[in-house]
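The primary structure of each chain is shown beneath.
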Amino acid sequence: METFAEFQRRRNSGFYSSKGGRIYSSFRTFAHSLKFAEANAVEFARRAPRKGKLRVYEIGVGDGKFALNFLRALRKADEKVAERTTYILWDFSEKGVELASGKLEGFDFETVAAPAWDWKKMRGATCVKCSELLDDLPTRMLVRRGMHVMEIVREGDEFREVDARVEGETALFMEGMPEGYWVPVPEIGLECILGWKGKLAPGGWIDIFDYGFADAEGMRMLPRNGWNASIWREFSGQVTVDVNFQFLKRCAGGRIEAQKDYVERALGKDLWEVDAGKLDYYSYEEVKKNWKKLEAGGYDINILLSGGESSDYLHMEISK
């Protein structure tokens, strides 16, 4: 028998070991979106302190394309800010930071090969960024049954519930959760965030981008069985879990918004979130130009343009 967090850790450890260097092309994320990187760069240039060295940490660097796109966009947004910026590629895999750093010739960068929770290696962070990282970290799965909190465990090929030991904020948080719904509680993710927060320079902040939910109302919109079956997923052996932003905000502070709202605000234009071979943001003109391609991919263009397409991608900002 193993807890859900142990099950997730074991599966993901095996996934990364088996994939080797190929893991960096295994995921479909917004990391390759030029508009997503540009929005991050514009927002960073706007908020960065006006004097001194600037240090941007990216935790979980993937194949390095976001880093490259961000740094190129930063030079266009504010060349003086770009000149003061050192970009730190941080990944648990030495191979990962090696591959990513190969793309950053001509930029000032450093590398750290360490797990996300080894935050003591961080120093003077102006901004810490992580995109679709927390969903991959081992996550407790709890469920409230009346006044009792149970933990989801894996036994053989089945999940079952056992008595859970919950304390502090986790216990208080579970009191407000709807009964019978599996609730992911990212305690390791919270530990990372609090560690990073303690390493922020004055005026620094953390940007977290991931898919998940911001309140219990999103849970109640689905029947229990539908929610419990969809809150986690497995892809080629990797196990990911929707991020519980409500719990993170309760314990670490900060604010939450739709990721699309963040990108639109930074770029000052209306955009539509699409999956057209890759996750991206299209302007109205781009939607019209790619009309047939989007329809072939299953989109109803009228629903898309009317804002009827919903998204679970969120942005959380935590300041020092």
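One can find the structure itself at the top, above this paragraph.
Residues numbered from 1 in each chain as written. Predicted model: local features only at pLDDT ≥ 70, side-chain atom pairs only at ≥ 80, totals over all residues. Heavy atoms only, no water.

A closer look at empty space enclosed by the protein
- Going through the model one piece at a time under the given rule, you end up with 1 cavity of 30 Å³ or more.
- Along its surface, the largest cavity is lined by Leu 134, Asp 135, Thr 139, Pro 184, Pro 186, Val 241, Asp 242, Val 243 and Asn 244.
- Considered class by class, the residues forming the lining of the largest cavity number 5 nonpolar, 2 polar and 2 charged. (1 Å grid on protein atoms, 1.4 Å probe; cavity = no way out; pocket = protein on both sides within 12 Å on 5 of 7 lines; lining within 4 Å. Points joined across faces, edges and corners; volume = space filled by probe spheres on them. Nonpolar A, V, L, I, M, F, W, Y, C, P; charged D, E, K, R; others polar.)

Digging into the layout of surface pockets
- The calculated volume of the second largest pocket comes to roughly 160 Å³.
- Taken together, Leu 34, Glu 38, Asn 69, Arg 72, Ala 73, Lys 76 and Ala 77 form the lining of the second largest pocket.
- Mapped onto the lining of the second largest pocket, the elements with two or more residues apiece are helix H2 (34–47) and helix H3 (65–77).
- In terms of residue count, H3 provides more of the lining of the second largest pocket than any other element does, 5 residues in total.
- For the lining of the second largest pocket, the per-class residue count stands at 3 nonpolar, 1 polar and 3 charged. (Helix = DSSP H or I, 4+ residues; strand = E, 2+ residues; numbered from the N terminus.)

Regarding the pattern of salt bridges
- Scanning all chains against the criterion turns up 20 salt bridges.
- Across the pair Arg 47 and Glu 317 runs a salt bridge, and its minimum N-O distance is 2.9 Å. Placement of the pair is Arg 47 in helix H2 and Glu 317 in strand E17 (residues 313–319), with a sequence separation of 270 residues.
- Salt bridges sharing common partners tie together Arg 47, Arg 255, Glu 257, Arg 265 and Glu 317. (Salt bridge = Lys/Arg side-chain N within 4 Å of Asp/Glu carboxyl O.)

Remarks on the packing of aromatic side chains
- Applying the stated criterion across every chain, the model contains 22 aromatic pairs.
- Each residue in the set Phe 30, Phe 36, Phe 44, Phe 66, Phe 70, Tyr 87, Trp 205, Phe 209, Tyr 211, Tyr 262, Tyr 281 and Tyr 313 is aromatic and connected to the rest through ring pairs, giving one cluster.
- The aromatic ring of Trp 119 is capped on one face by Lys 120, whose charged end is 6.0 Å from the ring centroid.
- We note Arg 154 situated over the ring of Phe 159; from NZ or CZ to the ring centre the distance is 4.6 Å. (Phe/Tyr/Trp six-rings, centres within 6.5 Å; stacked < 30°, edge-to-face > 60°. Lys NZ or Arg CZ within 6 Å of the ring centre and 35° of its normal.)

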